[in-house]
Structures are given as C-alpha cells and as structure tokens.
Amino acid sequence: MELNMKDNLGIKDAMTYNVITANTDTNISDIAAIMTEHNISSVVIEDQKVEGIVTSNNIISKVVSKNISPQDITADMVMDKFISVNPETSLIEASSLMIKNNCKVLLVIDDNQQLKGILTLTDIVRVSPELIELFVEETNIDNFVDKEYSSESDERLEEGVCEKCGVYGQLENNNGQYLCQECIDDKLSEE
C-alpha cells in the first residue's frame, strides 16, 4: 500500500504532551470526573512510574456493566496494561502497532522510562488522515461488520472518525457523510 506521508511525520508531530494522570488508589468515580472535565477517554495511571491506563471502556465494561459502585473501585483494579512507543517512532510504525495490538492509545515513553505523551488514533488521523487507509486495509473492516448488517436499515456506526470535526466516537450517516452527533446538531441548526 502506498501512502503519501508528509515528510515522514513522527509521533512528536501528533502526540498530546500534557497527559492527564491519576494514582493507582484513585477511585473510578474521580477518574470519570477527570475524563469529563478534560473531555478525554483515558487517564494514565502513574505512581512512581507508569502503571497502566484506565479508559472509558474499562469503566463501562468492568464497573458500570457489572453494577458496581465506582466509589468502591480504584484505578489499579480496572486499569489495562499499556503499550508504549519511543518518541522517535514514526506514525506509520505507531499505526501498525495499534493495529497489531487492537488498541486506540499508545503511551509515549522515553529511554529513561519517563512518560512524555500519549498518542491516540484521533491524533494520528488529525495530522495524517491518509493513515486511516492503513487502518481500514490492515484491520479488514469486513471483520467488524455483522454479516446481516444492512446500511439501508441501520445507518448508525459503532465508532469511527467524524468526517467534519475529526473526533473519534459514535457516528451516523448524514447525507452521505459519517458525522458525530454534535456535528449533525450543528448542521441542523445552520439549516
């Protein structure tokens, strides 16, 4: 597959430098509040060193779906192991690592094991939208579509990148464009 990359972009061109962190003993209710306050979907768990990552999916699958009170659960009980890359890694390498490990977030950690940033799928697509082709080709999107899925009967997608604002989330087909609900609402208010 041939990609026209802009000057071989690296992680440093796309990553978020100001990473929001919490400790292993922070309760999930507080982590959810942090996510809401900063409009993020993951928090890095760090005590003396990086311990893991808590994502909104962790909270939903390990706490909410089991009807457990988030005040009774701490980050160390639900955090996932993390996948890290060096700050000098290229975006193509980072994208391939995400695909290989079926993850949407990579932690950027230097040779001294210091957290330098976080790289999300949204970050990659924002600076290099052509890499979405790599994700589609490598993940063989047909594997994610239910065989009985019909675009005529259900035009809602599980997740993806909004074609208007570039934010990753829930999408809906709106006149041939896949948009997040906020962009659909904005479009309707403009009409």
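Residues numbered from 1 in each chain as written. Predicted model: local features only at pLDDT ≥ 70, side-chain atom pairs only at ≥ 80, totals over all residues. Heavy atoms only, no water.

**Focus on the overall build of the protein chain**
At step 1: Within the protein chain, the regular secondary structure consists of 7 helices and 9 strands.
At step 2: The burial tally for the protein chain puts 38% of its 191 residues in the buried class.
At step 3: Looking at the protein chain alone, contacts between residues at least 24 apart form 50% of all its contacts between residues at least 6 apart.
At step 4: Accessible surface, the protein chain: about 11,800 Å² in total, of which carbon and sulfur atoms supply 45%. (Helix = DSSP H or I, 4+ residues; strand = E, 2+ residues; numbered from the N terminus. Buried < 20%, exposed > 50% of the residue type's maximum accessible area, 1.4 Å probe, protein only. Contact = heavy atoms within 4.5 Å. Areas by Shrake-Rupley, 256 points an atom, 1.4 Å probe, with all protein chains shown as cover.)

**Structural notes on unusual backbone geometry**
What is expected of a backbone is that most residues other than glycine have negative phi and most peptide bonds are trans.
At step 1: In this structure, asparagine 39 takes a positive phi of about 55 degrees despite not being glycine.
At step 2: Relative to the elements of secondary structure, asparagine 39 occurs in the loop between α1 (28-38) and β2 (42-46).
At step 3: If you check the backbone angles, glutamine 113 has positive phi at about 65 degrees while not being a glycine.
At step 4: Among the residues examined, glutamine 113 registers a relative accessible area of 57% and is labelled exposed.

**Some points on the state of the cysteines**
At step 1: Evaluation of the coordinates by the stated rule reveals 0 disulfides.
At step 2: Note on cysteine 180: no disulfide assigned, nearest cysteine sulfur contributed by cysteine 183 at a separation of 3.6 Å. (Disulfide = S-S within 2.5 Å.)

**Some details on the sheet that holds strand β3 (residues 50-55)**
At step 1: With mixed pairing, the 3 strands of this open sheet are ordered in space as β1-β2-β3. The open sheet has two free edges, formed respectively by β1 (21-22) and β3, since each of these has just one partner strand.
At step 2: Of the pairings in the sheet, the one linking β1 to β2 comprises 2 bridges and is parallel in character. When the sheet's bridge partners are listed, threonine 21 is paired in β2 with valine 44.
At step 3: Against the sheet, α1 touches β1, β2 and β3, its axis set at about 130 degrees to β2. (Pairing = 2+ DSSP bridges. Axes fitted to C-alpha atoms, helices over the stretch in contact; angles between N-to-C directions.)

**Side note on the pattern of salt bridges**
At step 1: In this structure the tally under the stated criterion is 5 salt bridges.
At step 2: The shortest N-O distance in the salt bridge between lysine 62 and aspartate 80 comes to 3.2 Å. Here lysine 62, found in helix α2 (residues 56-62), pairs with aspartate 80, found in the loop between α3 (75-78) and β4 (84-85); they are 18 residues apart in sequence, far enough to count as distant.
At step 3: The class for aspartate 80 is partly exposed, based on a relative accessible area of 30%. (Salt bridge = Lys/Arg side-chain N within 4 Å of Asp/Glu carboxyl O.)

**Here's the deal with the sheet that holds strand β5 (residues 105-109)**
At step 1: Taken together, 3 strands build an open sheet; the order of strands is β4-β5-β6 and the sheet is mixed. The open sheet is flanked by β4 and β6 (115-120), the only strands paired with a single partner.
At step 2: With 5 bridges connecting them, β5 and β6 associate as antiparallel partners. Counterpart to isoleucine 109 in the pairing with β6 is leucine 115.

**Quick notes on a negative patch on the surface**
At step 1: Together, Glu182, Asp185, Asp186, Glu190 and Glu191 make up a region of like negative charge exposed at the surface.
At step 2: Looking at the secondary structure, you find aspartate 186 in helix α7 (residues 181-190).
At step 3: Taking relative accessible area as the criterion, aspartate 186 reaches 35% and is therefore assigned partly exposed. (Patch = residues over 30% accessible without salt bridge, like charges linked within 9 Å, V, L, I, M, F, W, Y side chains within 5 Å. Lys, Arg positive; Asp, Glu negative; His and termini not counted. Charge placed at Lys NZ, Arg CZ, Asp CG, Glu CD.)

**Quick word on the environment of cysteine 183**
At step 1: Tracing the backbone through its elements, the reader meets cysteine 183 in helix α7.
At step 2: Placed 21 residues apart in sequence, cysteine 183 and cysteine 162 show a C-alpha to C-alpha distance of 8.2 Å.
At step 3: With near-sequence residues (within four places) excluded, cysteine 183 lies in contact with Cys162, Lys164 and Cys165.

**A word on the environment of isoleucine 28**
At step 1: Along the chain, the position of isoleucine 28 falls in helix α1.
At step 2: A residue is classified by how much of its surface remains accessible, and isoleucine 28, at 0% relative accessible area, is buried.
At step 3: Non-local contacts of isoleucine 28, meaning those with residues more than four positions away in its chain, are made with Val54, Ile59, Val63, Pro70, Ile73, Thr74, Ala75 and Val78.

The quantities given are spatial measurements derived from coordinates; they are silent on function.
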